[in-house]
Amino acid sequence: MGKLFKITVVALLFISLNSWAQEYKFGKVSKEELLEKSYSSDSSANAAVLYESKKIRFDFNQQNGFQLITEVFKRVKLYNKEGFDYATTELLLYKNNGDKEKISNLKGVTYSIVNDRIVETKLKKDGIFKNEYSENRDQIKFTMPSLQEGSVIEYKYKITSPFVYSIDRIYLQRQIPIRKMDVSVKMPEFFNFKKLTTGYLPINLKESSAQDVINLTSKSRSSGVSALGRNTKYSNNNVDYRVNINTISSENIPAFKVEPYSGNITNYISSINYELSYVKYPNSPIDYRSTTWEDVSKTIYDSQNFGAELKKVNYYKDDVDQLLGGVSKPLDKAMKIYDFVKQKMSWNKRRGVFVNDGVKKAYKESTGSVSEINLMLTSMLTYAGINANPVICSTSDVAIPLFPTIDGFNYVITRIKLPDGGLIYLDATDKYGMPNILSKRIIKGMGRVIAKNGTSEMVDFRPEAPSVMAYRVQCEIDDQGVAKGKMNVNYRDYLAHDFRVDNGAKDDQSRAQRFQKEYGISELDEYTVKGMKAYGKGISEKFNFMIEDQIEAIEDEIFFSPLLFLRDKENIFKSDDRKYPVDFGYGFSNKYMLNIKIPDGYTVAECPKTSAFKLPDNLGKFSFRSNVVNGIIQVVVDETITAPVIPANYYPAIKEFYNQVIQKENEQIVLKKI
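Thresholds applied
Residues numbered from 1 in each chain as written. Predicted model: local features only at pLDDT ≥ 70, side-chain atom pairs only at ≥ 80, totals over all residues. Heavy atoms only, no water. Phe/Tyr/Trp six-rings, centres within 6.5 Å; stacked < 30°, edge-to-face > 60°. Helix = DSSP H or I, 4+ residues; strand = E, 2+ residues; numbered from the N terminus. Buried < 20%, exposed > 50% of the residue type's maximum accessible area, 1.4 Å probe, protein only. Expected span 1.5 Å × (residues − 1). Contact = heavy atoms within 4.5 Å. Pairing = 2+ DSSP bridges. Axes fitted to C-alpha atoms, helices over the stretch in contact; angles between N-to-C directions.

1. A short note on the packing of aromatic side chains
Now for step 1: In this structure the tally under the stated criterion is 44 aromatic pairs.
Now for step 2: Ring centres 6.3 Å apart and planes at 85° place the aromatic pair Phe66 and Tyr241 in the edge-to-face group. Of this pair, Phe66 sits in strand E2 (residues 65–78) while Tyr241 sits in strand E14 (residues 232–253), and the two are 175 residues apart along the sequence.
Now for step 3: By relative accessible area, which is 4% here, Tyr241 ends up buried.
Now for step 4: On the numbers, 5.2 Å between centres and 90° between planes, the contact of Phe657 with Tyr658 is edge-to-face.

2. Overview of helix H6 (residues 330–344)
Now for step 1: Between its first and last C-alpha, H6 extends 21 Å over 15 residues, near the 21 Å set by a 1.5 Å rise per residue.
Now for step 2: Here H6 has its buried residues at Lys333, Ala334, Met335, Ile337, Tyr338, Val341 and Lys342.
Now for step 3: Looking at the buried residues of H6, the elements they touch are helix H5 (317–323), helix H8 (370–383), strand E20 (411–417) and strand E21 (423–426).

3. Points about the environment of Tyr363
Now for step 1: Structurally, Tyr363 can be placed in helix H7 (residues 359–365).
Now for step 2: What makes Tyr363 buried here is its relative accessible area of 6%.
Now for step 3: Tyr363 sits 18 residues away from Met345 along the chain, and the two C-alpha atoms are 7.3 Å apart.
Now for step 4: Ignoring sequence-local partners within four residues, the contact set of Tyr363 consists of Tyr315, Tyr316, Asp319, Phe340, Lys344, Met345, Met376 and Met380.

4. Thoughts on the sheet that holds strand E33 (residues 611–614)
Now for step 1: The strand order across the open sheet formed by eight strands is E26-E27-E25-E24-E31-E35-E34-E33, and the pairing between neighbours is mixed. Only two strands of the sheet have a single neighbouring strand rather than two, namely strand E26 (523–530) and E33. Neighbour-to-neighbour, the strand axes of the sheet open up by a mean angle of 10°, direction not taken into account.
Now for step 2: Each of strand E24 (467–477), strand E25 (483–491), E26 and strand E27 (539–547) touches helix H11 (residues 508–519); the most contacted strand, E26, lies at about 125° to it.

5. Describing the sheet that holds strand E3 (residues 88–96)
Now for step 1: Strand order across the open sheet formed by four strands is E4-E3-E8-E7, with antiparallel pairing between neighbours. With partners counted over all chains shown, the strands left at the sheet margins are strand E4 (99–100) and strand E7 (128–134), one partner each.
Now for step 2: Sheet analysis places E7 next to strand E8 (residues 137–143), joined by six bridges and oriented antiparallel. When the sheet's bridge partners are listed, Glu132 is paired in E8 with Asp138.

Structure below.
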């Protein structure tokens with residue numbers, strides 16, 4: 001009995017260990033994986049990565065030298081239809097000066113259970129699409145076929161790159177959980193890379209080394225001629241070298257949780273980035289490759305597709321001379337040129353630091369990329385004697401560069417430096433933009449001023465002053481709890497800009513309907529908006545309204561929130577903690593002023609008291625005042641967030657701040673019948 005018990009225990013332990021240490025091989029999807037209904041440690045997950053492998057190495061061949069090889073294998077479980085988004089993959093392959101990255105061995109399979117049987121559907125060539133994403137990137141995109149709820153997909157591919165000095169950022173976390181991930185990076189000793197990690201998850205990186213050899217074959221021919229012809233001799237020369245190996249193996253990686261006001265999450269997801277520090281081949285001096293921002297600046301400015309374009313003036317010279325006739329002040333000249341370029345040029349939505357077809361062709365056709373339009377603007381300003389420089393930017397959807405590099409930038413704007421030292425940033429692709437009023441894609445990114453002398457300066461586009469939205473409401477309540485009145489909303493600065501971007505192409509009916517949908521307004525009429533085309537100035541909306549179901553009338557009492565339908569009903573910050581900043585884009589101030597007429601025969605029995613509180617370090621404040629004068633309830637509220645970005649360590653404070661805001665705004669005014 002004892003022996004049998006030991007055998008049973010050993011057998012169970014063996015099964016358990018094998019189950020825990022599951023090997024993932026392409027084409028070996030189990031029925032258990034297909035029958036799995038939810039992810040064990042995150043039942044809310046719509047999909048999960050069951051396994052992800054990324055192997056990066058440097059292969060040598062005598063014809064091409066070293067090449068960077070990346071092999072990827074990924075298996076994903078799709079629990080429901082909401083998870084189908086993770087069945088689409090997009091790859092961007094770099095190309096430059098005739099060299100390009102190439103993809104090969106792309107294979108994919110969708111597995112599903114049909115009639116208790118595993119059915120496989122292979123990814124076919126007609127499901128793989130290749131497009132030119134930008135001047136330096138080709139896009140490979142594919143969606144796995146025959147998806148069903150519960151399907152498992154897997155795919156693998158190999159990328160061969162001649163750009164051996166650049167390893168793409170390796171992401172160690174996704175927006176869905178990962179059951180197991182293996183990463184290996186094998187680097188020949190000739191290339192010395194620095195490492196930088198991001199994110200808040202611990203990274204289990206192990207370093208080791210191994211030996212490898214390069215076999216070089218050469219041939220020579222004898223000068224003499226024998227009866228058999230010339231003699232050819234082959235010789236081999238072996239070069240031994242060390243391979244430095246980094247491995248990362250992780251299990252049960254939690255999903256990166258996207259929170260309200262997350263900003264660019266690629267800056268916060270756990271990842272590791274490699275930057276080449278130097279190259280040292282045998283019997284050769286060290287070739288340092290780590291660049292400075294000054295190196296980057298000089299490389300960009302010296303490019304024929306950047307700096308050379310700034311020097312071209314003949315194509316616009318006559319137009320600008322005529323435009324500036326009689327204008328003497330530098331700021332007036334700058335605004336004339338800025339407005340001229342905005343009106344003349346249309347952005348074709350192409351991004352990038354370098355021009356595509358050139359500024360001259362873009363000017364002639366009145367359409368161009370962001371670099372063509374804003375390099376044109378910079379050139380015109382310089383021609384007019386204004387101190388202007390281009391600014392390269394990484395937009396809000398691009399990870400902020402961790403090292404000095406050109407690749408992390410995908411946009412260009414213009415900066416003017418006035419004689420008094422004032423700075424003005426301009427983007428002529430933005431039809432609604434104004435001086436120092438930039439789109440969210442810019443202010444949530446970063447930029448560097450590029451000067452022709454090779455200097456470089458990092459700039460932050462976040463505005464210092466909060467943008468203001470002011471609400472004014474005048475209404476009266478009847479004894480049935482129906483409120484009728486007028487509302488006016490004013491937007492200024494960035495809030496006005498964003499309103500134009502979001503609503504500029506809509507008609508008045510669509511603009512009015514958004515209020516009804518957002519606030520539950522029963523009836524809305526006489527809607528008007530002013531200032532839509534008065535760029536740089538505020539916007540004002542006005543309308544009449546009636547609300548029927550947001551005020552309670554019970555017997556001889558009436559109950560309602562002092563902000564009526566404008567109150568915040570729940571706190572959007574729900575998580576207990578947060579590991580990355582709260583990114584509002586820009587500071588804002590919501591101001592409310594309400595005058596509510598008390599119905600005849602009623603008096604105020606209860607009214608929320610005046611109060612105020614604030615965030616630490618002057619990051620924000622809230623104030624509430626109420627008063628009753630001549631049968632009118634007056635309510636004045638100010639909710640202000642002064643900081644565009646609030647660090648993660650303040651998250652408990654801002655969550656509690658909004659808890660208090662919600663609580664105060666939902667306190668009740670009580671009217672009692674006399």
